[in-house]
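Descriptive structure summary
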Amino acid sequence: MAIIFFGTPQFAVPSLQALLDAGESVRLVVSQPDKPKGRGHLMSAPPVKELALQYGIPVIQPTRMRDPELHDQLRAINPEFIVVVAYGRILPAAILDIPSRGCINVHGSLLPRYRGAAPIQWSIINGDAETGVCTMLMDEGLDTGPVLLCDRMPIAEDDTTASLFPKLALLGADSLVRTLRGMRDGSVTPVPQS
């Protein structure tokens, strides 16, 4: 069954790689547009786009999420799932309704704590003893959809945002593969957030 992957920064790369390693049929990657980088302001592709191109996966970089042509392009793939990892934009209902089994998001906190942007930073700022990732079914709210899986990990005394990002990215990749498997075999079911 086809998957469309929405993601942009390095945090999303392990999740895309895990899907490919698991033999999932990622038919399209949607990423933010290339941006100028460095002193020379040379246009630079997002890390997710770079990985997708290495595997020959088509990449699109729309500037508007409400474009009917975009919706038609996504619908034509007839995806089982849309997977969203650190994409950077809110998806409208017209996109959320496309996949047959739903849109799944990998979020870098233990929901419902730290919904929205910067969940990893907030866990450090607030001195939390643990953090983790949750997969959830997306709805129109900001990280308010039903939770599918949560995986926890301790925050070490010397952890920083920079050290937690790669750890949580890998944890999220593993959670994502197990979530898709569990959605298909019925062992993972959505639990509404409080």
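To start, this report covers the structure provided alongside it.

Cut-offs and rules
Residues numbered from 1 in each chain as written. Predicted model: local features only at pLDDT ≥ 70, side-chain atom pairs only at ≥ 80, totals over all residues. Heavy atoms only, no water. Buried < 20%, exposed > 50% of the residue type's maximum accessible area, 1.4 Å probe, protein only. Helix = DSSP H or I, 4+ residues; strand = E, 2+ residues; numbered from the N terminus. Pairing = 2+ DSSP bridges. Contact = heavy atoms within 4.5 Å. 1 Å grid on protein atoms, 1.4 Å probe; cavity = no way out; pocket = protein on both sides within 12 Å on 5 of 7 lines; lining within 4 Å. Points joined across faces, edges and corners; volume = space filled by probe spheres on them. Axes fitted to C-alpha atoms, helices over the stretch in contact; angles between N-to-C directions. Parallel < 35°, antiparallel > 145°, perpendicular 65-115°, else oblique. Left-handed = near helix turned anticlockwise from the far one by under 90°. Nonpolar A, V, L, I, M, F, W, Y, C, P; charged D, E, K, R; others polar. Arc of directions from axis to C-beta. Core = buried A, V, L, I, M, F, W, Y, C linked by side-chain atoms within 4.5 Å.

Of all five residues that make up strand β6 (residues 81-85), five are buried, and the element is covered over most of its length. As judged from the five bridges shared by strand β1 (residues 2-7) and β6, these two strands associate in the parallel manner. Looking across to β6, one finds that F6 is bridged to V84. Summarising the sheet, β6 and strand β7 (residues 103-107) pair through four bridges and their orientation is parallel. Residue pairing across strands places V83 opposite I104, the latter belonging to β7.

Quick look at the environment of R101 now. Relative to the elements of secondary structure, R101 occurs in the loop between α4 (93-96) and β7. In this structure R101 touches E80, F81, L137, M183 and R184, once residues within four positions along its chain are discounted.

The computed volume of the largest pocket comes to approximately 850 Å³. Broken down by secondary-structure element, the contributors of at least two residues to the lining of the largest pocket are β3 (35-37), β7 and α5 (119-125).

At a minimum axis separation of 8 Å, helix α1 (residues 13-21) and helix α6 (residues 161-185) run at an interaxial angle of 40 degrees. Accordingly, the angle class assigned to the pair α1 and α6 is oblique. In the crossing of α1 with α6, the sense of the turn from one axis to the other is right-handed. Residues P14, S15, A18 and L19 of α1 form the contact with α6, whose participating residues are A169, L170, G172, A173, L176, V177 and L180. Its residues placed into classes, the contact of α1 with α6 shows nine nonpolar, two polar and no charged.

Among all positions of helix α2 (residues 47-54), only V48, K49, L51 and A52 are buried. Along the long axis of α2, the arc covered by the buried residues comes to 165 degrees, so they all point the same way. The outward face of α2, more than 90 degrees from its buried face, is lined by the exposed residues L53 and Q54. Turning to α2, the residues buried within the fold contact β1, α1, β2 (25-30) and β5 (59-60). Of the residues flanking the end of α2, it is G56, one or two places downstream, whose phi is positive at about 70 degrees.

So, on to the environment of I155. Looking at the element boundaries, I155 is found in the loop between β9 (147-154) and α6. Taking relative accessible area as the criterion, I155 reaches 14% and is therefore assigned buried. Considered as a pair, I155 and G132 are 23 residues apart in the sequence and their alpha carbons are 9.2 Å apart. The contact partners of I155, leaving out residues within four places of it in the chain, are S123, I124, D128, A129, E130, T131 and L164.

This brings us to the sheet that holds strand β8 (residues 130-137). Taken in spatial order, the seven strands of this open sheet run β5-β2-β1-β6-β7-β8-β9, and their pairing is mixed. The open sheet has two edge strands with one neighbour each: β5 and β9. Across two bridges, the pairing between β2 and β5 is parallel. By the bridge assignment for β5, V30 is matched with I60.

On to the nonpolar core, then. If you look at the biggest cluster of nonpolar residues, it comprises 34 residues, and the most contacted ones within it are F5 and L16. Not counting chain neighbours up to four residues away, the residues in contact with L16 comprise F5, V26, V29, V48, L51 and A52. Within the second largest apolar cluster, 18 residues are counted, among which are I4, L28, V84 and C103.

Any functional reading would require information beyond the geometric quantities listed.
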